[in-house]
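Understanding the architecture of this molecule
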Amino acid sequence: MSGRVISCSPSQSSKELGRLGLSMAVCLFITVLLSGCGDTGVTSGYTPSYGNAPEVRPVRLFGVHPLHNPERLHEVYGPLVNYINARVPGARLRLEASRNYAAYDAKLYSGHFDFALPNPYQTVKSLEHGYRVFGKMGDDHRFRGIILVRKDGGVREVADLRGKAVSFPAPTALAATIMPQHFLHTHGLDIVRDIEVRYVGSQESSIMNVFLGDVAAAATWPPPWETLAQERPSLAEALEVRWQTEPLPNNGLVVREELPEALVNAVAEVLFELHEAAEGRALLERINLSRFEPADAQTYAPVREFIQRFSAEVRDIR
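Below you will find a few notes about this structure. (Residues numbered from 1 in each chain as written. Predicted model: local features only at pLDDT ≥ 70, side-chain atom pairs only at ≥ 80, totals over all residues. Heavy atoms only, no water.)

Points about the overall build of the protein
A count of helical and extended segments in the protein gives eleven helices and eleven strands. The burial tally for the protein puts 47% of its 318 residues in the buried class. Within the protein, contacts between residues at least 6 apart in sequence are counted, and of these 76% link residues at least 24 apart. (Helix = DSSP H or I, 4+ residues; strand = E, 2+ residues; numbered from the N terminus. Buried < 20%, exposed > 50% of the residue type's maximum accessible area, 1.4 Å probe, protein only. Contact = heavy atoms within 4.5 Å.)

Right under this line is the structure:
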């Protein structure tokens, strides 16, 4: 090993000392800083605070049975849903139409809707699938079936329909199908053997079938007939209501049993007070109704009795 000696210039020594001093100062600062983090009873001047995240309420589906085709249904009932949302904080209802009664039934009986406006038969059935009744449409005297014929069609008596086609919206449409079929049955026709039953999917389709001469008669109920007759005067000129049935309790308002009671009560209050304000009355006029009103399962006892009688005497719909 050689005895080589490393020498430094004065300028190099001062640079080394400067770096050493800086390192010691940094270490001293970190030591002091860390000592303040111990349990010394001294608190820092800033304490972070955390607010609650905003509550995101779920969208609640409001399903109206096929009173009209989907486009028309949104035109008629969309403003009503918007009116409710504007007056019930956090309601977030969304109207959902269905292409036909079969699609609506499948959604309702699977619990797809949160709120729903089914026909009385569907109302009764919904009680078996997690729903409860909290209200209904008023104007029970208007919940009846009507049978339309062409004025020039030559149909004057029920017997004139024997061997001919009659259109109906759907097998489970109470006012527009089941009640007219019961009427024809009680007036001497076997609806299975004596007529050709055509289920055409909607109220409008049923009416148009007789207007176009594709069937000898068409079953529906007053609101869609009155609306179409106003919008298309040619229908009113060509068609007439030849027969009508006795009434039953009107369409129901049902809700999933697990929905918050406060929400249900708030929605119900808005609906039941619609007829008391000008804006609300305008909305009711769009749907050919004077008011909504409270109801419960017992309100629909006459419907259950009618369905049992119809199933026993005419055809099984259960």
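A closer look at the nonpolar core
In this structure, Tyr77, Phe115, Leu161, Leu174, Leu184, Leu271 and Phe292 are the most contacted members of the largest nonpolar core, which totals 76 residues. Excluding anything up to four places from it in sequence, leucine 174 contacts Asn119, Pro120, Tyr121, Phe143, Met179, Pro180, Leu248, Val303, Phe306 and Ile307. Ile146, Ile207, Met208 and Val215 belong to the second largest nonpolar core, which has 15 residues in total. (Core = buried A, V, L, I, M, F, W, Y, C linked by side-chain atoms within 4.5 Å.)

Quick word on unusual backbone geometry
Its identity is not glycine, yet arginine 92 carries a phi of approximately 50°, on the positive side. Within the secondary structure layout, arginine 92 lies in the loop between α2 (70–87) and β2 (93–96). Positioned with a positive phi, aspartate 139 is a non-glycine residue whose angle comes to about 60°. Inspection of the secondary structure assignment puts aspartate 139 in the loop between β4 (131–137) and β5 (146–150). The exposure class assigned to aspartate 139 is buried, which follows from its relative accessible area of 15%.

A short note on the packing of α2 against helix α10 (residues 278–286)
It is at 8 Å that the axes of α2 and α10 come closest, and there the two elements cross at 150°. For the element pair α2 / α10, the angle class is roughly antiparallel. As for the relative orientation of α2 and α10, their crossing is left-handed in sense. Within the contact between the two elements, α2 uses Glu75, Val76, Pro79, Leu80, Tyr83 and Arg87 and α10 uses Glu279, Gly280, Leu283 and Arg286. For the contact of α2 with α10, a count of residues per class yields five nonpolar, one polar and four charged. (Axes fitted to C-alpha atoms, helices over the stretch in contact; angles between N-to-C directions. Parallel < 35°, antiparallel > 145°, perpendicular 65-115°, else oblique. Left-handed = near helix turned anticlockwise from the far one by under 90°. Nonpolar A, V, L, I, M, F, W, Y, C, P; charged D, E, K, R; others polar.)

Quick look at helix α9 (residues 261–272)
Counted at 1.5 Å a residue, the expected span for α9 with its twelve residues is 16 Å, and the 16 Å between its end C-alpha atoms agrees. All of the buried residues along α9 are Leu263, Val264, Val267, Ala268, Val270, Leu271 and Phe272. (Expected span 1.5 Å × (residues − 1).)

Topic: the sheet that holds strand β7 (residues 196–199)
Strand order across the open sheet formed by five strands is β7-β6-β8-β5-β9, with mixed pairing between neighbours. Of all the strands in the sheet, just β7 and β9 (239–244) have a single pairing partner and so form its edges. Adjacent strand axes in the sheet meet at a mean angle of 30° when their direction is disregarded. Contacts between helix α5 (residues 174–186) and the sheet are confined to β5, β6 (165–168), β7, β8 (217–220) and β9, with β6 contributing the most and set at about 145° to the helix. Packed onto the sheet, helix α6 (residues 203–211) meets β5, β6, β8 and β9 and runs at close to 160° relative to β8. (Pairing = 2+ DSSP bridges.)

Observations concerning the pairing of β6
Working note: regular strand, side chains alternate between the two faces of the sheet. Side-chain alternation along β6 places Ala165 and Ser167 on one buried face and Val166 and Phe168 on a second face that is also buried. Traced from β6 through α5 to β7, the parallel crossover comes out right-handed. When β6 meets β8, the two strands line up parallel, connected through two bridges. Opposite serine 167, over in β8, you have alanine 218 as the bridge partner. (Right-handed = clockwise from strand over helix to strand, strands pointing away.)

Quick word on the pattern of salt bridges
Overall, the coordinates contain 15 salt bridges when judged by the stated rule. Linking glutamate 128 and lysine 125 is a salt bridge whose minimum nitrogen-to-oxygen distance equals 3.7 Å. Owing to a relative accessible area of 55%, glutamate 128 belongs among the exposed residues under this scheme. A salt bridge links arginine 198 to glutamate 196, with the shortest nitrogen-to-oxygen separation between them at 2.9 Å. (Salt bridge = Lys/Arg side-chain N within 4 Å of Asp/Glu carboxyl O.)

Points about the environment of arginine 256
Here arginine 256 is to be found in strand β10 (residues 252–256). The spacing of arginine 256 and arginine 132 is 124 residues in sequence and 6.5 Å in space, taken between C-alpha atoms. When near neighbours in sequence (up to four residues on either side) are disregarded, arginine 256 contacts Gly111, Phe113, Asp114, His129, Gly130 and Tyr131.

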